[in-house]
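If you want the building blocks of each chain, they are given just below.
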Amino acid sequence: MDRPIFRRYVLLVSLVFVVFASHNGIAQSGYRLWLDYQPLGPSAADHYRERLQAVVFPMDSETDHVAFDELSRALEGLLGQKPMRQSAATPKTGLMVGTPGTLPANDAVEQAKTRLPDNEEAYVIHHHSAANGRPMTLILGNTDKGVLYGVFAFIGALQRSEDLARIDTVSSPKIKLRLLNHWDNLDRTVERGYAGFSLWDWHRLPGYRDPRYTDYARANASVGINGTVLNNVNANALMLTAPYLEKAAALADIFRPYGIKVYLSARFSAPIELGGLADADPLNSEVTQWWADKAAEIYRYIPDFGGFLVKANSEGQPGPQNYGRSHADGANMLADALAPFGGVVMWRAFVYEDTEPEDRAKQAYNEFVLLDGTFRDNVIIQVKNGAIDFQPREPFHPLFGAMPQSQLMMEFQITQEYLGFATNLVYLGTLFSETLQADTYADGPNSTVARVIDGELNHQPITAMAGVANTGTATNWTGHPFGQANWYAYGRLAWDPDADAGVIAEDWLRRTFGNDASFLDALLPLMMRSRETVVNYMTPLGLHHLMGWSHHYGPGPWIRDKPRADWTSVYYHQADTNGIGFDRTASGSDALSQYAPEVQAQFNDPQICPDEYLLWFHHLPWDFQMKSGESLWESLCRHYYSGVEEVSAMQAVWEAQRGKVDEIIFREVADLLAVQYEEAELWRDACVLYFQQFSKMPIPTGLPQPEHPLEYYESLYYHFVPGN
Ligand code: GCW
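Computed from a predicted structure; not experimentally measured.

Looking at the overall build of the chain
Then, in step 1: If you tally the helices and strands in the chain, you get 22 helices and 14 strands.
Then, in step 2: For the chain, whose C-alpha radius of gyration is 26 Å, the value lies close to the compact-globule estimate of 27 Å for 724 residues.
Then, in step 3: Judged by the C-alpha coordinates and their principal axes, the chain covers about 80 × 70 × 50 Å.
Then, in step 4: Put simply, the chain has 724 residues, and 63% of those count as buried.
Then, in step 5: Partitioning the intrachain contacts of the chain with sequence separation of at least 6 by distance along the chain shows that 72% fall at a separation of at least 24.
Then, in step 6: A total of about 25800 Å² of accessible surface is found on the chain, and carbon and sulfur atoms cover 51% of it.
Then, in step 7: Side-chain charges in the chain split into 56 positive and 88 negative, and the spacing between the mean points of these groups amounts to 6 Å.

Printed below as a string of structure tokens:
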């Protein structure tokens, strides 16, 4: 983080701290996430208590009920006082919550109404001083959903101990569909899941409705997530059978009051597997009829069903290309089946050839750009943030700047498949923002990815974002206590892709751990730096895809000779005695030409290309002179070593927090940081030794030699790695 911004945080942090003494030593297992309403310090509590004694909160719907319950729960926990509901304002009333339709008309409501954006999920928190001087806070939504989001935002402000007179916000989501994607299998294993088993207890559904489902919905609603895809994109057709639809419907019923819709991953070959048809050709009328009937059946179970997510012709999944048809043929066929009911199709662009590949980074673009403008209005193309696969760092996916006549959505990975699983502390808000703020130049400067996916640039009516969930049955939901921050940050950025990752991190810290200024001062910079740290010890300077075979755990730069070249590491790093890196300029795969000329100009010349992307786009000799003046080899070593040192610095920062957080969580994070340190060392030593065979240069003086020879690292084998 740059210094001025950091100073601003510090200032803000200390100001709030002076006004309200905060609570210390929160006792929590992590289960309650950022919704753990521990008592506020006395001055904050006193400030709120009197004003929030009585509330006017008309209740017309289930959503109103859950919003009021949440408010009561929060006030009871934070202030030790449940609010009294009243039908009209009395002198004691400091809070009114509702819509222009449900609240009694008065000046305050009229004023707040004028500030409400035209969006059914928008809300305003309006501070009103009546003529008699009595202050009043209004939480006003256009609909009950806006009310719910407003209530959660208001609770957040109380958790941060903000002065009531300053809690005044207008907020409207920039993205319409804000989803989690669960890669959850029906046997409850989770593909790339590191936090236990699937939350969905299929066997006991629909009969047993685990209270955890409600807590899941509360957490999502609190950050604005309004959709969830329940099953893995590597889909089992069984999900679409009646027994499972009944189970999914039970979940949908629980989520509905929280404004959350259920979606399902659809297996493209389901008409064969379930319907007994001879093929799943999207132009075969029997197939289209099968899907139309299936859609009608699903809507009988789930009247507000969101739609399908589809992974087709990718990594062995069936799809329209099996029948010589295009992705548009497949997506449009499903879209037609859902259209009468208002459902959408999220069709993934994560595709690459089964056969001898073109540079994998180019393939999605090659397949999809030709189809621009041919998709139905209820199809949205789901594009991963980068063109390879959720690596610790990738340049933004070229498709974001290349399909102006199609609806595009973002797919991020919240689960840390390539970023250290649930043992590494990595705050992903910065990674998400980096992609969102990247400039595609599709329509001149400031054509950021955020503006593409929020529909501003190409005026797409349906906008969406998906995050591959990091949740599971772990007591604390995400395995690593700080993994919760990534769920939180994802939701906040889906609501507003231009939000500041630092503000979000601070918010999460305060809501999770309280408002102790010294704790925040220490932890905020740590979180903000943590992603760069992992890049340094795993894949610095634009390297990518160096992880262990298949399970993706630990370093594997030596991975070669697999069924496909682009599943190996040697394909991506291309290290040999001449140098290292993947040449994606015109002299190589020319993937760079898929970007706008302005973007090409940033990356094309290795002398100019930012270090972060250097070896993504260039193959360079080991003695190539870096901007720092060091050789490429030296710089590579320094990045690996500094990554490990940074983890050690994180450990020291955390050690100093003893007593400021609950002891169990303190220990858990401390232990996990120790694990992270070992894993970082492993990455560093394995990669440095592996590349040294080619550079034939010494590890720069002053840096310790790896403990073991390369063969040792290559021989390490891990049994039963989770998520595989
Ligand atoms: O990153 C890769 C994962 C696969 C995943 C695939 C995808 C669900 O290793 O496990 O499959 O991406 O996104 O489809």
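Picking up after the structure, the text goes on.
Overview of the site of the ligand
Then, in step 1: The environment of the ligand is formed by 15 residues, the closest being E191, K311, R348, D389 and E417.
Then, in step 2: Contact between the ligand and R348: an oxygen atom at 2.6 Å from a side-chain N or O atom of the residue.
Then, in step 3: Within the side chain of D389, a nitrogen or oxygen atom sits 2.5 Å from an oxygen atom of the ligand.
Then, in step 4: When the ligand is considered free in solution it has 330 Å² of accessible area, and contact with the protein chains removes 97% of it.
Then, in step 5: Among the residues making up the shell around the ligand, the classes are represented as 4 nonpolar, 3 polar and 8 charged.

What to know about unusual backbone geometry
Then, in step 1: Along the chain, L205 connects to P206 via a cis peptide bond; the corresponding omega equals 0 degrees.
Then, in step 2: Tracing the backbone shows P206 in the loop between β7 (177-181) and α6 (211-222).
Then, in step 3: Unlike most non-glycine residues, K696 shows phi in positive territory, near 55 degrees.
Then, in step 4: With respect to the helices, strands and loops of the structure, K696 is situated in the loop between α21 (663-695) and α22 (710-715).
Then, in step 5: Even without a glycine there, the phi angle at F720 is positive, about 50 degrees.

Overview of the pattern of salt bridges
Then, in step 1: Counted by the stated rule, this structure contains 43 salt bridges.
Then, in step 2: A salt bridge links D46 to R49; the nearest nitrogen and oxygen atoms lie 2.9 Å apart. Taken together, the residues span about one helical turn, with D46 and R49 both in helix α2 (residues 42-51) at a distance of 3 residues.
Then, in step 3: D46 gets classed as partly exposed once you look at its relative accessible area, which sits at 47%.
Then, in step 4: Assessed through its relative accessible area of 29%, R49 is described here as partly exposed.
Then, in step 5: In this structure, D253 engages R256 in a salt bridge whose closest nitrogen and oxygen atoms are separated by 2.8 Å.
Then, in step 6: Among the residues examined, D253 registers a relative accessible area of 34% and is labelled partly exposed.

Let's talk about the nonpolar core
Then, in step 1: Ranked by size, the top nonpolar core spans 231 residues in total, and within it F255, W291 and F691 carry the most contacts.
Then, in step 2: In terms of residue count, α21 provides more of this core than any other element does, 15 residues in total.
Then, in step 3: If we skip the residues at most four places from it in the chain, F691 touches L543, L546, P557, H573, A575, I580, W622, W633, L636 and Y640.
Then, in step 4: If you look at the next biggest cluster of nonpolar residues, it comprises 12 residues, including M96, L103, A112 and V124.

Some details on the environment of K92
Then, in step 1: If you trace the backbone, K92 turns up in the loop between β2 (84-86) and β3 (93-98).
Then, in step 2: Of the residues examined, K92 reaches a relative accessible area of 47% and is grouped as partly exposed.
Then, in step 3: With 570 residues separating them in the primary sequence, K92 and D662 have C-alpha atoms 36 Å apart.
Then, in step 4: For K92, the contacting residues outside a window of four places in its chain are E50, R51, Q53, A54 and R134.

A short note on the side chain of S198
Then, in step 1: You can see S198 is positioned in the loop between β7 and α6.
Then, in step 2: Classification of S198 as buried rests on a relative accessible area of 0%.
Then, in step 3: Residues within four places of S198 in sequence aside, it is in contact with D184, R188, V190 and T473.

Quick word on the pairing of β3
Then, in step 1: Across the 6 residues that make up β3, a large majority, 6, are buried.
Then, in step 2: Direction of pairing for strand β1 (residues 54-56) relative to β3: parallel, over a ladder of 3 bridges. Bridge pairing in β3 places A54 opposite T93.
Then, in step 3: In the sheet, β3 pairs with strand β5 (residues 135-141) via 4 bridges, with the strands oriented parallel. Note on β5: the bridge partner recorded for G98 is L140.

A word on the packing of helix α16 (residues 517-538) against helix α20 (residues 632-655)
Then, in step 1: Where α16 contacts α20, the axes come no closer than 9 Å and their chain directions differ by 155 degrees. With respect to α20, the element α16 is oriented roughly antiparallel. The hand of the α16/α20 crossing is left-handed. When α16 is examined against α20, the residues F519, A522, L523, L526, R529, S530, E532, T533, N536, Y537 and M538 are found in contact with a partner set consisting of H639, Y640, S642, G643, V644, E646, V647, M650, V653 and W654.
Then, in step 2: Looking at the contact of α16 with α20 residue by residue, the classes come out as 12 nonpolar, 6 polar and 3 charged.

Cut-offs used in this document
- Per chain, residue numbering runs from 1 following the sequence as it is written.
- Local features are withheld for residues below a pLDDT of 70 in this predicted model, meaning they are given only at 70 or higher, and side-chain atom pairs are given and counted only at 80 or more; totals for whole chains, interfaces and linings count all residues.
- Side-chain measures here rest on the full set of heavy atoms in the structure, leaving out hydrogens and waters.
- Going along the chain from the N terminus, every DSSP run of H or I of four or more residues is numbered as a helix, and every run of E of two or more is numbered as a strand.
- Based on C-alpha atoms, the radius of gyration is set beside the globule rule, defined as 2.2 Å times the residue count to the power 0.38.
- Exposed residues in this analysis have more than 50% of their type's maximum accessible area, buried residues have under 20%, and partly exposed residues fall in between, with area computed by a 1.4 Å probe over protein chains only.
- In what follows, a contact means two residues having at least one pair of non-hydrogen atoms within 4.5 Å.
- Per-residue and other accessible areas follow the Shrake-Rupley method at a 1.4 Å probe size, with only the shown protein chains counted as cover for residues.
- Counting rule for charge: Lys and Arg are taken as positive, Asp and Glu as negative, and neither His nor the chain ends is counted.
- Charged side chains are reduced to one point each, which is NZ for Lys, CZ for Arg, CG for Asp and CD for Glu.
- The cutoff for a nearby residue is simple: one of its non-hydrogen atoms must lie within 4 Å of the molecule or strand.
- Nitrogen and oxygen atoms within 3.5 Å of one another constitute a polar contact, given that in protein one can donate a hydrogen and the other can accept it, and given that sequence-neighbouring residues count only through two side-chain atoms.
- Residues are grouped as follows: Ala, Val, Leu, Ile, Met, Phe, Trp, Tyr, Cys and Pro are nonpolar; Asp, Glu, Lys and Arg are charged; every other residue, Gly included, is polar.
- The salt bridge definition used is simple: a Lys or Arg side-chain nitrogen within 4 Å of an Asp or Glu carboxyl oxygen.
- Working definition of a nonpolar core: buried Ala, Val, Leu, Ile, Met, Phe, Trp, Tyr and Cys residues. They are joined through side-chain atoms within 4.5 Å.
- A pair of strands is labelled paired if DSSP reports no fewer than 2 bridges between them.
- What counts as an axis is a line fitted to C-alpha atoms, over the stretch in contact for a helix, and the angles between N-to-C directions run from 0 to 180 degrees.
- Any angle from 65 to 115 degrees is called roughly perpendicular, while one under 35 is roughly parallel, one over 145 is roughly antiparallel, and all others are oblique.
- Helix crossings fall into two classes, left-handed where the near helix is turned counterclockwise from the far one by less than a right angle and right-handed where it is turned clockwise.

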